[in-house]
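Given next are the chains, with one letter for each unit.
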Amino acid sequence: MDALDASKLLDEELYSRQLYVLGSPAMQRIQGARVLVSGLQGLGAEVAKNLVLMGVGSLTLHDPHPTCWSDLAAQFLLSEQDLERSRAEASQELLAQLNRAVQVVVHTGDITEDLLLDFQVVVLTAAKLEEQLKVGTLCHKHGVCFLAADTRGLVGQLFCDFGEDFTVQDPTEAEPLTAAIQHISQGSPGILTLRKGANTHYFRDGDLVTFSGIEGMVELNDCDPRSIHVREDGSLEIGDTTTFSRYLRGGAITEVKRPKTVRHKSLDTALLQPHVVAQSSQEVHHAHCLHQAFCALHKFQHLHGRPPQPWDPVDAETVVGLARDLEPLKRTEEEPLEEPLDEALVRTVALSSAGVLSPMVAMLGAVAAQEVLKAISRKFMPLDQWLYFDALDCLPEDGELLPSPEDCALRGSRYDGQIAVFGAGFQEKLRRQHYLLRPKAEVAAAAARGLNPDLQVIPLTYPLDPTTEHIYGDNFFSRVDGVAAALDSFQARRYVAARCTHYLKPLLEAGTSGTWGSATVFMPHVTEAYRAPASAAASEDAPYPVCTVRYFPSTAEHTLQWARHEFEELFRLSAETINHHQQAHTSLADMDEPQTLTLLKPVLGVLRVRPQNWQDCVAWALGHWKLCFHYGIKQLLRHFPPNKVLEDGTPFWSGPKQCPQPLEFDTNQDTHLLYVLAAANLYAQMHGLPGSQDWTALRELLKLLPQPDPQQMAPIFASNLELASASAEFGPEQQKELNKALEVWSVGPPLKPLMFEKDDDSNFHVDFVVAAASLRCQNYGIPPVNRAQSKRIVGQIIPAIATTTAAVAGLLGLELYKVVSGPRPRSAFRHSYLHLAENYLIRYMPFAPAIQTFHHLKWTSWDRLKVPAGQPERTLESLLAHLQEQHGLRVRILLHGSALLYAAGWSPEKQAQHLPLRVTELVQQLTGQAPAPGQRVLVLELSCEGDDEDTAFPPLHYEL
């Protein structure tokens, strides 16, 4: 069928983080799509919610069945007021409110063949097998993508049929590989050498590539895709270049992604020949047994007109018998699969199959919605063709602890779907839990109350960091049962994890980036404590070397960091400095601070008085363009000429150091004009002057402005270059003239420092950084990145998509069941990692906490030494004696934070001063702070005589 009109403008602000994952072409196809979702229990609601948030053009809901109590356990769109009301009609308004750009309508009739022709994708959830087969056959016949999804308690099933000839235009999430070119030879084949430091090992034989930005051999620019061959030395054969012009400099080679074709079987065929997503033969067998379990559950419902009763052993044995009697699965049409049926697995599935759980529908609904998006956008490889997921590890390992039919009987409660799996006793435990949750507390609290009025939510708006330990202290953590965290930085994660370790609280930790997601659980004394990945923790917020960024950039990231630094110096730090000196009544001309003068000279630029109007701001912006991208580069090349050679004979400009070329300003170049427009507007904002967004008027104005005088600008770029040899061009007379101008220029009202704001596309902040970085790339022959990529890098934006978020939330919820249920062995818990773009999900048992030893002591990161303060409070001398007597530890160093309480190497006089003091008295004397009211422990760190440097002793909890 034809899609909706997708020509309407894409709301880039609304879908900003999603665009980093999917890209504009895919999003355009998504907002022009029509999708039908039939079945609005918990799973269907999750699918619909994700599709609405992600901006499908039109979503049609179908479910004429009335709302019942068990629906409320997992269907967050429904409430008690919707009982007996059609699920679809009751869900429509709340879904529409999530995204007014999506048309959400309800279909009240039957699903007919003519109806199916109106959609690109049809999704059935919790449907009978007969309905799945009927609709699936019609969709396969007419080329409509079809999905069927279902959850039964702690197991889930998803089937996809995208037809027999479905083309995936963009199979992977990764951006096309781009690398800078060092040289291209003329010949057959032409040999392309990549610039040193490029990711040569990512190119493979047979990859298709194209080229851009090459000077000289321009015939390659924007050519049809060429196949490459990777040589042993990492250089690339790119085909015949004999007749092409001689290569001069610059340019980039870019991978061209190859489309892939997928061939899916219809449901009636795939039922007996199931292709399942699995990582090993053991997982394949497990999935095949779950496949048979679902078939047997459908058969049971067909025979008895109802599903099995919760934890009913008779019904469960009937399901096992039905599974045993099913037609054997086949490897091909003729070859049967010789696999035994895991009857214990089928029995457990049947016993727990009556319930509906929100974490399960969140997880499977996310995957199903992602598959819908793959069908619409033709981005990422779809499932092939069955996915089975189970979380039966949430059930107790001990059969004696499994719930009884009586404990799982329906109670006319919104939690009936959950009680049917875990029992009423577990539900009561869950009701009594107190958890500390993720940020955005006020908005989240209001939304959570709307989902479940029974929930008591207290929004806490103070940050959780070392500055608020008086708020989130002993009393606070004594009232919570655990922490669920979804934080944006490893620094924040490490801090929260340390607090959980200190207070011995379970930590449920989640994270996402695009279609990647993780859900991990850390249990006191059971699993290892949280540790940030070493590579990620080390690279977070780590800047590139200053010299590289300013003079020798080799990557787009270098140029973006330079551009961001330019913004700070020009439009924030300079204004703050001038305002400070005005308030202090000091003259800028009298300053002898080289760094301050260096900061202010580019802000003065070609002007000798404060800007008075828009034309002055444009003149300054043009002058600064010349300074950065023309005169500054020429000045750099005077100090480091293109032919400069090092003492060992190596060319100075080699490897990652690419010799720059000055640019000539051209009003016909959009990037040139954007820089001047953005810089002039920011300069105007800083001085409280009106700006302009008129590109045509700016072009005309630039034609009338005089070109900046290089001699007038010499002091600016000489000081800005920060090279010792440049000082010769910055003589006393120029210094005197510049200081005089600074004194006159600084008179006036306070300036407005500009704080960089990435989310407002009308303020010219991102425009300036993008244009500046792009021009810097042109100077150095570096492949640039587009505006969206630049904004993501500079703003440190984490790409996000609703499906990954929902899947991770579901996986974390499953671990919460285990944490709440009571003491569980490590084998019950799972760390989960998923990649929805590539149909990857791995769940594994967490590692045990590492055991450390010292003499007779053994401990893990969850342990601590406890020493009561006593009445009267013990002295430092008494504490040291206690540690030696009770634990055999001869303390060498004792610390509280950064305060040194004791060191064995101290002189007798200093020891005599410290040892008689009470511990709290000593801490107060050294830190200036007494223990806070209600504080229960002082945490002390120690090292002992005879220990290894790597020994990390457990913290000493001095109990007050």
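This structure is a prediction, so every number in the text was calculated from the model and none was measured. (Residues numbered from 1 in each chain as written. Predicted model: local features only at pLDDT ≥ 70, side-chain atom pairs only at ≥ 80, totals over all residues. Heavy atoms only, no water.)

### Brief notes about the nonpolar core
And then number 1: By size, the foremost hydrophobic cluster in this structure holds 130 residues, and its most contacted members are Leu51, Leu154 and Leu158.
And then number 2: Top element by residues in this core is helix α11 (residues 358-377). It accounts for twelve residues.
And then number 3: If we ignore the near neighbours within four places in the chain, the residues touching Leu154 are Ser352, Leu357, Met360, Phe389, Asp390, Ala391, Leu392, Cys394, Leu395, Val421, Phe422 and Leu814.
And then number 4: In this structure, Trp620, Phe665, Tyr675 and Leu705 belong to the second largest nonpolar core, which totals 53 residues. (Core = buried A, V, L, I, M, F, W, Y, C linked by side-chain atoms within 4.5 Å. Buried < 20%, exposed > 50% of the residue type's maximum accessible area, 1.4 Å probe, protein only. Helix = DSSP H or I, 4+ residues; strand = E, 2+ residues; numbered from the N terminus. Contact = heavy atoms within 4.5 Å.)

### Some details on the sheet that holds strand β27 (residues 899-903)
Backbone hydrogen bonds are what pair the strands of a sheet, in a parallel or an antiparallel way.
And then number 1: Strand order across the open sheet formed by five strands is β25-β29-β28-β26-β27, with mixed pairing between neighbours. Among the strands making up the open sheet, the edge pair consists of β25 (865-868) and β27. Strand-to-strand twist across the sheet, computed as the mean angle between neighbouring axes with direction ignored, equals 25°.
And then number 2: Judged from the four bridges that link them, β25 and strand β29 (residues 956-959) form a sheet pairing that is parallel. (Pairing = 2+ DSSP bridges. Axes fitted to C-alpha atoms, helices over the stretch in contact; angles between N-to-C directions.)

### Description of the packing of aromatic side chains
And then number 1: For the structure on display, the rule yields 34 aromatic pairs.
And then number 2: Relative to Tyr817, the ring of Phe426 lies with its centre 5.8 Å away and its plane at 65°, an arrangement referred to as edge-to-face. Here Phe426, found in helix α13 (residues 424-431), pairs with Tyr817, found in helix α28 (residues 802-821); they are 391 residues apart in sequence, far enough to count as distant.
And then number 3: A ring pair is formed by Tyr675 and Phe768, whose centres lie 5.2 Å apart and whose planes are at 35°; its orientation type is tilted. Of this pair, Tyr675 sits in helix α22 (residues 670-686) while Phe768 sits in helix α26 (residues 765-780), and the two are 93 residues apart along the sequence.
And then number 4: Taken together, Trp562, Phe567, Phe571, Trp620, Trp625, Phe629, Phe665, Tyr675, Tyr683, Phe756 and Phe768 form an aromatic cluster joined through their ring pairs.
And then number 5: Sitting above the plane of the Phe490 ring, Arg493 keeps its charged end 5.2 Å from the centroid.
And then number 6: The ring of Trp562 carries Arg776 above its face, with NZ or CZ at 4.3 Å from the centroid. (Phe/Tyr/Trp six-rings, centres within 6.5 Å; stacked < 30°, edge-to-face > 60°. Lys NZ or Arg CZ within 6 Å of the ring centre and 35° of its normal.)

### A few points about the side chain of Thr920
And then number 1: One can find Thr920 in helix α31 (residues 919-927).
And then number 2: Within the structure, the side chain of Thr920 is placed 2.6 Å from the side chain of Glu873, a separation counted as a polar contact.
And then number 3: Leaving out residues up to four positions away in the same chain, Thr920 has contacts with Glu873, Pro931, Leu938, Tyr958 and Leu960. (Polar contact = N/O pair within 3.5 Å; in protein donor to acceptor, adjacent residues only side chain to side chain.)

### Brief notes about the sheet that holds strand β2 (residues 58-62)
And then number 1: Strand order in the open sheet made by the seven strands is β3-β2-β1-β4-β5-β6-β16, with mixed pairing throughout. Since the sheet does not close on itself, it has two edges, and those belong to β3 (103-106) and β16 (386-390), each with one partner. With strand direction ignored, the average angle separating the axes of adjacent strands in the sheet is 15°.
And then number 2: One ladder, built from four bridges, connects β2 with β3; its direction is parallel. By the bridge assignment for β3, Thr60 is matched with Val105.

### Some words on a negative patch on the surface
And then number 1: Together, Asp11, Glu12, Glu13, Glu757 and Asp760 make up a negatively charged patch on the protein surface.
And then number 2: One can find Glu12 in the segment before α1 (16-22). (Patch = residues over 30% accessible without salt bridge, like charges linked within 9 Å, V, L, I, M, F, W, Y side chains within 5 Å. Areas by Shrake-Rupley, 256 points an atom, 1.4 Å probe, with all protein chains shown as cover. Salt bridge = Lys/Arg side-chain N within 4 Å of Asp/Glu carboxyl O. Lys, Arg positive; Asp, Glu negative; His and termini not counted. Charge placed at Lys NZ, Arg CZ, Asp CG, Glu CD.)

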